[in-house]
Amino acid sequence: MDAAPDGKTLAALQPKARPYKTTIGQGLYLLVNPTGSKLWRFRYRLDGVAKSLSMGAYPGVTLAQAIKARDEARALLKAGDDPSAARKAERTERTAHRSRAKSFRLVMTLENSLTIETPRQILSLTPEQTAAVRAFLLAVEPEGASNAAY
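Conventions and cut-offs
Residues numbered from 1 in each chain as written. Predicted model: local features only at pLDDT ≥ 70, side-chain atom pairs only at ≥ 80, totals over all residues. Heavy atoms only, no water. Core = buried A, V, L, I, M, F, W, Y, C linked by side-chain atoms within 4.5 Å. Buried < 20%, exposed > 50% of the residue type's maximum accessible area, 1.4 Å probe, protein only. Helix = DSSP H or I, 4+ residues; strand = E, 2+ residues; numbered from the N terminus. Contact = heavy atoms within 4.5 Å. Pairing = 2+ DSSP bridges. Phe/Tyr/Trp six-rings, centres within 6.5 Å; stacked < 30°, edge-to-face > 60°. Lys NZ or Arg CZ within 6 Å of the ring centre and 35° of its normal.

Trainee: Teacher, can you tell me more about the nonpolar core here?
Mentor: In terms of nonpolar packing, the biggest core is built from 18 residues, with Leu10, Trp40 and Met55 touching the most fellow members. For this core, the secondary-structure elements that each account for two or more residues are strand E1 (20-25), strand E2 (28-32), strand E3 (38-46), strand E4 (49-58) and helix H2 (63-78). The element that contributes the greatest number of residues to this core is E3, accounting for four residues. Apart from residues lying up to four places away in sequence, Met55 is in contact with Leu28, Trp40, Arg41, Phe42, Val61, Ala69, Arg70, Ala73 and Arg87.

Shown next as structure tokens:
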């Protein structure tokens, strides 16, 4: 059995006319598409049915991260659970949790960029956009305040 490819080998993979796979081992492979995208996949069997689980895109998901995700999926399989069903349940729970929230959440990063999380989406602002929002919010009068109070 050949050794698993390293990061340099994976980065050097070139697209071909048809999609092809580079096997890592134990069901994990990197699918290289004609467009040049490289996608991690984990192929497994459950109850005699072949299934495939997406692990993310390379290089956003590194080889080490893909191997860790594969190992977690294999642990679920060993326990008798379907990794795909577990992921779907987690996604449904996350969506339900977000939809229960009636408001939004503001998060300021160390780089002074603002993230606005709503029940339906997450919006990340650049530092310049954050400054514009801050200026706008400081210029708006609070509810119930009037010029007569000054």
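Trainee: Looking at this model, I keep getting lost on the pairing of strand E5 (residues 105-108). Mind explaining?
Mentor: The two faces of a sheet get side chains in turn, since along a regular strand they alternate between them. Where E5 and strand E6 (residues 114-117) come together, four bridges link them in antiparallel fashion. Bridging from a neighbouring strand, Arg105 pairs with Glu117 of E6. Once E5 ends, the chain turns through five residues before running back antiparallel as E6, passing Asn112 with a positive phi of about 60°.

Trainee: Looking at this structure, how should I read the pairing of E3?
Mentor: Burial within E3 is extensive, with seven of its nine residues counted as buried. Between E2 and E3, which pair antiparallel one after the other, the connecting turn spans five residues, and Gly36 there sits at a positive phi close to 100°. Sheet analysis places E3 next to E4, joined by nine bridges and oriented antiparallel. Bridging from a neighbouring strand, Leu39 pairs with Ala57 of E4.

Trainee: So what exactly am I meant to see when it comes to the packing of aromatic side chains here?
Mentor: Pairs of aromatic rings are described using the distance from one ring centre to the other and the angle between the two planes. The full count for this structure, using the stated rule, is two aromatic pairs. Measuring from centroid to centroid gives 6.1 Å for Trp40 and Tyr58, while their planes differ by 80°, and the two rings are edge-to-face. In this pair, Trp40 sits in strand E3 while Tyr58 sits in strand E4, placing the two residues 18 residues apart along the sequence. Each member of the pair, Trp40 together with Tyr58, is buried. With 5.5 Å between their ring centres and 15° between their planes, Phe42 and Tyr44 make a pair best called stacked. Between Lys16 and the ring centre of Tyr20, over which it is positioned, the NZ or CZ distance is 4.4 Å.

Purely geometric numbers; function is a separate question.
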